[in-house]
Amino acid sequence: MKIKIVGAYGASLSTYHLTTFILDKTIALDAGSLNIMDLEDQLAIDHIFITHAHLDHIGGIAFYIDNIFALTNKTIFIHAIPEVIKSMKDHLFNKDIWVDFTKLPSEGRPRISFNELKLFEPVEVNGKIITPLPTEHIVPSSAFLIEEKKKYFLYTGDMIRAPKMWEYVNKLPKLKGMIIEVSFPDSLMNIANASKHLTPSLLRKELKNLKHMETEIYIYHIKPMFIDEIVQDLFPKTVDRNIKLLYEDEIIEI
Ligand SMILES: [Zn+2]
Ligand SMILES: [Zn+2]
């Protein structure tokens, strides 16, 4: 499995883009920057998995659908837990802020269709088994565990803690890699706590819950204006873990 990093940051600024990861060309994990990919790459997408309904994770869907609408006949499936789907329907695809693409070009064959996921219940799409796991953020949210050929990869989405997620992944034989957030430096702990995001020291605390020491840990969702301070807080204090920053256009192979 190849994971392409399209957007790795928690803000849209200059050359830094909002969260979007692509699994083997056809599955998107979050969609903040789905619309900035080459058109050919946008047309290859069949499924979009959304962790939560914050605009930095769903905003790209609006322009992505507009880009591909008249160039394909297929229905693109958007998967998320019910609360997240409700927010997207009520506040984005509501015929007010943006078009209701679940009824266009026809209700029988719409361009997008929502699929409600249940926590801990896996779905299989394009050869991958994807399981939503609970996380705590300021709005309803989930992580996604991806399995292919008995190899496991975890994408946490935005979070401050996730005890049931750790409990679940600790039962796996191995966890090859994970993408987890760090948004703010430790000096902005008050903002991190209020918005339910991680700082480097909160990340260290959370990683104590992960029993797999072999896991490659990739950091995403950094607010780019604080990147230098976050790097100073992260390294070398986090020495017992294999931690890397995630870079855009990078491809992770699992
Ligand atoms: Zn976010
Ligand atoms: Zn968020």
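I will try to describe carefully the structure that is included in this document. (Residues numbered from 1 in each chain as written. Chains lettered and ligands numbered in written order. Predicted model: local features only at pLDDT ≥ 70, side-chain atom pairs only at ≥ 80, totals over all residues.)

## Quick notes on the nonpolar core
Then comes step 1: With 67 residues, the main nonpolar core has A28, I48, F49 and L154 as its most contacted residues.
Then comes step 2: The residues contacting I48, other than those within four sequence positions of it, are A28, A31, I61, I76 and I78. (Core = buried A, V, L, I, M, F, W, Y, C linked by C-beta atoms within 7 Å. Buried ≥ 20, exposed ≤ 12 C-beta atoms within 10 Å, placed from the backbone. Contact = placed C-beta atoms within 7 Å.)

## Brief notes about the pairing of strand β8 (residues 128-134)
Then comes step 1: Across the 7 residues of β8, 5 count as buried, placing the element largely inside the fold.
Then comes step 2: Alignment of β8 against strand β9 (residues 142-148), held across 6 bridges, turns out to be antiparallel. When the bridges of β9 are listed, L133 appears paired with A143. (Helix = DSSP H or I, 4+ residues; strand = E, 2+ residues; numbered from the N terminus. Pairing = 2+ DSSP bridges.)

## A short note on the sheet that holds strand β13 (residues 242-245)
Then comes step 1: Pairing within the open sheet is mixed, and its 7 strands lie in the order β7-β8-β9-β10-β11-β12-β13. At either margin of the open sheet sits one strand with a lone partner, and together these are β7 (123-125) and β13. Between one strand and the next, the sheet's axes are offset by a mean angle of 25°, whatever the strand orientation.
Then comes step 2: The pairing of strand β10 (residues 151-155) with strand β11 (residues 177-181) spans 3 bridges and is parallel. Within β11, the residue paired with F153 across the bridge is G177. (Axes fitted to C-alpha atoms, helices over the stretch in contact; angles between N-to-C directions.)

## Some thoughts on unusual backbone geometry
Then comes step 1: Cis geometry is found at the peptide bond from L104 to P105, where omega equals -5°.
Then comes step 2: As for its position among the elements, P105 is in the loop between α3 (82-91) and β6 (112-116).
Then comes step 3: A cis amide bond links F235 to the next residue, P236, at an omega of -5°.
Then comes step 4: Within the secondary structure layout, P236 lies in the loop between α7 (227-234) and β13.
Then comes step 5: Phi is positive for D24, which is not a glycine, with a value near 40°.

Nothing here speaks to function; it is all geometry.
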